[in-house]
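Per-entry structural report
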Amino acid sequence: SSQIYPIHLPRETRTRRALLICNIEFEHLSRRNGAEVDVEGMTKLLEGLGYMVDIHCNLTSQGMATVMKDFADRKEHCTSDSTFLVFMSHGVRAGLCGTKSRDETTDILSFDTIYETFNNKSCRVLLGKPKVVIIQSCRGGKDGYTLVSDSGDPAMPAPSSADTITAGLEDDAIFKVHLESDFATLHSSTPDTLSWRCPVGGSLFIQHLIEQFQKHACNSDLQEIFRKIQHSFGKFPRQLPSQERTTMLRKFYLFPG
C-alpha cells in the first residue's frame, strides 16, 4: 500500500541499525542513577525488533554530534528500511546535556542538530525511510500538571479560517524532496517540564515505552504505539510524553515477527 512504508528485504538480509546515546556520569551535574537499566531495556527491545544497536555513553555535546555523523554515514543503512535514534541524558528546553554541562547554555546538544544530521540533505541513504527519534530527558524544571475545577469547560476560541493553497504554480526543477521528512519523535515530557526516573527501575518513560512496544509492535503502526505510550501516563499527571516534529508520510509497521 502507498500508505505504508515498504519493507523490501526479509529479516535475514536487511541490516537495521539503531543508535543509542546515554549520558549517566557528569562532571558538574548529578549522576543519572537507574539509566543503566534504561540502556539494557532499550537494547533488548531494539534487538528484538531486528536492529543492531550502536551504544555510546557519557559524551560531550561535540562527542554526541560526532557519533551521530558517523552513524549517519554507515553503509548498512543502504540495506535497511528504517532506524531508531535514542537519546537519554539530563536536558534543558533547547537540548541535551553533555557530560561537561554546567547550566542551560554550556555543553548542550541542540535538538536541531539531530534533524540536521539525519535530514534528506545530510543523510541521503535514509531518504524515504522512517527515522524514529526517542528522547528521554527533562525539558525544564516545571511539573507537568495543573489543578482543574469541576465547573465546566471554558469557552472555546472561535476556529481560525483555513489556509488556502495557491493553484496554478509551476516549477522547472527536475527533482525535489522535502528537506526534513519521515521523522517520528517522542519526547519523554512536554516542553519546560520534568521527566521522572527511578534510581532502581530506570526512567518511567522508558519503562512504559518498552511495555507498549512489546505488546503492540506486532499489530499497530508506530504512531499508534506512541499514542498508547502517551495514554499509559493518564494516571500520572506529573509527566506526559509528547509527539513533536513528526513528519511521517506513511504508516510504519515494524513487523517484528
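I will try to describe carefully the structure that is included in this document. Not measured: the values here are computed from a predicted model.

Helix and strand counts for the protein come out as five helices and 11 strands. Split into buried and exposed, the 257 residues of the protein put 43% on the buried side. Contacts in the protein between residues at least 24 apart in sequence constitute 79% of all its contacts with a sequence separation of at least 6. When the accessible surface of the protein is summed, it comes to about 14000 Å², and 54% of that surface belongs to carbon and sulfur atoms.

A separate point is helix α4 (residues 204-216). For α4, built from 13 residues, the straight-helix expectation of 18 Å at 1.5 Å per residue is met to within 8% by its first-to-last C-alpha distance of 18 Å. All of the buried residues in α4 are Phe205, Ile206, Leu209, Ile210, Gln212, Phe213 and His216. Next to the buried residues of α4 lie α1 (35-48), β3 (83-88), β7 (131-136), β8 (183-187), β10 (202-203) and α5 (222-231).

Overall, antiparallel pairing links the three strands, which are arranged β4-β5-β6 in an open sheet. The open sheet has two edge strands, β4 (91-92) and β6 (108-110), and neither has a second partner. Taken together, the three bridges between strand β5 (residues 95-97) and β6 define a ladder with antiparallel strand orientation. Among the inter-strand pairings, Cys97 is bridged to a residue of β6, identified as Ile108. Each of β5 and β6 is contacted by helix α2 (residues 61-72), which is oriented at about 40° to β6, the strand it contacts most. On the sheet, helix α3 (residues 111-118) packs against β4, β5 and β6 and is oriented at approximately 50° with respect to β6.

With respect to the secondary-structure elements, Asn58 resides in the loop between β2 (52-57) and α2. Sequence-distant contacts of Asn58, defined by excluding residues within four places in its chain, comprise Cys22, Asn23, Ile24, Glu25 and Thr99. From its side chain, Asn58 meets the backbone nitrogen of Ile24 in a polar contact 2.8 Å long.

Generally speaking, nonpolar side chains in soluble globular proteins are found buried as a group. With 34 residues, the main nonpolar core has Met42, Phe84, Ile134, Phe213, Leu222, Phe226 and Ile229 as its most contacted residues. Breaking this core down by element, the ones donating at least two residues are β1 (17-22), α1, β3, β7, β8, α4 and α5. In contact with Phe213, other than residues within four places in its own chain, are Leu45, Leu49, Phe84, Leu222, Ile225, Phe226, Ile229 and Leu254. Core analysis: the next-biggest nonpolar cluster, separate from the first, contains 21 residues, Leu19, Met68, Val133 and Ile135 among them.

Rules and cut-offs
- Residues numbered from 1 in each chain as written.
- Predicted model: local features only at pLDDT ≥ 70, side-chain atom pairs only at ≥ 80, totals over all residues.
- Heavy atoms only, no water.
- Helix = DSSP H or I, 4+ residues; strand = E, 2+ residues; numbered from the N terminus.
- Buried < 20%, exposed > 50% of the residue type's maximum accessible area, 1.4 Å probe, protein only.
- Contact = heavy atoms within 4.5 Å.
- Areas by Shrake-Rupley, 256 points an atom, 1.4 Å probe, with all protein chains shown as cover.
- Expected span 1.5 Å × (residues − 1).
- Pairing = 2+ DSSP bridges.
- Axes fitted to C-alpha atoms, helices over the stretch in contact; angles between N-to-C directions.
- Polar contact = N/O pair within 3.5 Å; in protein donor to acceptor, adjacent residues only side chain to side chain.
- Core = buried A, V, L, I, M, F, W, Y, C linked by side-chain atoms within 4.5 Å.

Function cannot be read off these values alone, since they describe shape.
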